[in-house]
Amino acid sequence: MKFKKFALRALLAVTASAVILTTTVSAGWVSSGNKWWYQNPDGSYPKSSWSCISGKWYLFDKDGWMLTGWQQSGGKWYYLESSGVMKTGWVQTGGKWYYLDGSGAMRTGWVQTGGKWYYLEASGAMKTGWLDQGGKKYYLDASGAMVTGNRTIDGKSYTFDANGALKSGTPGGSSSSGNVIRLSPLSSGDWHFVCEYVNTTGQTLTLKAVEIA
């Protein structure tokens, strides 16, 4: 009988120890050198997957190490800060701007944000300056925003429609490209003809001026 009681006590002690060991495993970040991995409450760790930790998303490789920088997942590109946190919205890296949507995926092509339109190249980099697309010309200012209405660019006047497409001609000029004959007074009171050509970029080029006595 004494032996049975001793064996029972020993079994209970072992069981209690196991429970204690199981419940004392703490979740949290673990570092090794300059790398990080995350231990779940059950002692496991995420690998080859995304994991939401404290409301923020992280990506881990096949060995469970936290990833940073540009990473491709599911055919899409994402940017992870040095802390491993997935970025959304605008991000500047390598001297260029990129836009990441609410899911963190990098966008390309036209995107509207903050009430303005931007164009992102196939690489994801934000475009500035002149853009040719679909047979139309657009202009994106230094901030990347598409312009509309009348604008002076490099000292020249241009008009863009509400959709950002360049209109043929400049404000007050011809509505289509080609030659325009205009009669203008000289300071002397005489008149001369000015032959102009409005090219496809909207510039008005004076070809010749003939003075009329």
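Here, residues in each chain are numbered from 1, in the same order as that chain's written sequence. Residues qualify for local features only when their pLDDT is at least 70, as the model is predicted, and side-chain atom pairs are given and counted only at 80 or more; totals for whole chains, interfaces and linings, by contrast, use all residues. Hydrogens and waters are ignored; side-chain quantities use all the structure's heavy atoms.

1. Structural notes on the confidence of the model for the chain
Working step 1: On a scale of 0 to 100, pLDDT captures the predictor's confidence in every residue. Overall, the prediction assigns the chain a mean pLDDT of 80, with 67% of residues at 70 or greater.
Working step 2: Whether two residues are in contact is decided by their heavy atoms, any of which lying within 4.5 Å being enough. Low pLDDT, under 50, characterises residues 207-213; the stretch is placed with 17 contacts to residues that sit more than four places away or in other chains.

2. A closer look at the pairing of strand β11 (residues 129-133)
Working step 1: Here β11 runs beside strand β12 (residues 136-140); their pairing, made up of 5 bridges, is antiparallel. By the bridge assignment for β12, Trp130 is matched with Tyr139.
Working step 2: Pairing between strands requires that DSSP locate at least two bridges from one strand to the other. Helix and strand labels come from DSSP, where a helix needs a run of H or I of at least four residues and a strand needs a run of E of at least two; each type is numbered from the N terminus. Between β11 and β12, which pair antiparallel one after the other, the connecting turn spans 2 residues, and Gly134 there sits at a positive phi close to 60°.

3. A closer look at the pattern of salt bridges
Working step 1: Salt bridges are defined as contacts in which a side-chain nitrogen from Lys or Arg sits within 4 Å of a carboxyl oxygen from Asp or Glu. Enumeration according to the criterion identifies 3 salt bridges in this entry.
Working step 2: For the salt bridge of Asp63 with Lys62, the shortest nitrogen-to-oxygen distance reads 3.4 Å.
Working step 3: Summary of the burial criterion: residues with accessible area below 20% of their type's maximum are buried, those above 50% are exposed, and those between are partly exposed, where the area comes from a 1.4 Å probe applied to protein chains only. A residue is classified by how much of its surface remains accessible, and Asp63, at 44% relative accessible area, is partly exposed.
Working step 4: Linking Lys137 and Asp132 is a salt bridge whose minimum nitrogen-to-oxygen distance equals 2.8 Å.
Working step 5: Judged by relative accessible area, Asp132 falls into the exposed class, the value being 56%.

4. Quick look at the pairing of strand β5 (residues 69-73)
Both faces of the sheet carry side chains from a regular strand, because those side chains alternate between them.
Working step 1: As defined by bridge partners, β5 adjoins strand β6 (residues 76-80) across 5 bridges and the pair is classed as antiparallel. Counted as the bridge partner of Trp70 is Tyr79 from β6.
Working step 2: The turn linking β5 back onto β6 is made up of 2 residues, and Gly74 within it adopts a positive phi angle of 60°.

5. Here's the deal with the packing of aromatic side chains
Working step 1: The aromatic pairing rule takes the rings of Phe, Tyr and Trp, using the six-membered ring of Trp, and pairs them if the centres are within 6.5 Å, calling planes under 30 degrees apart stacked, those over 60 edge-to-face and the rest tilted. The full count for this structure, using the stated rule, is 15 aromatic pairs.
Working step 2: When the centroid spacing of 5.2 Å and the interplanar angle of 70° are considered together, the rings of Trp29 and Tyr38 count as edge-to-face.
Working step 3: For Trp29, a relative accessible area of 32% translates into the label partly exposed.
Working step 4: Where Trp70 meets Tyr79, the ring centres are 5.2 Å apart and the plane angle is 65°; that geometry is what we call edge-to-face.

6. Things to note about the side chain of Gln39
Working step 1: Mapped onto the elements, Gln39 comes out in strand β2 (residues 35-39).
Working step 2: Since its relative accessible area comes to 19%, Gln39 is described here as buried.
Working step 3: There is a polar contact of 2.7 Å between the side chain of Gln39 and the backbone oxygen of Ser26. Here a polar contact is taken to be a pair of N or O atoms separated by no more than 3.5 Å, where protein atoms must pair a possible hydrogen donor with a possible acceptor and residues adjacent in sequence count only if both atoms sit in side chains.

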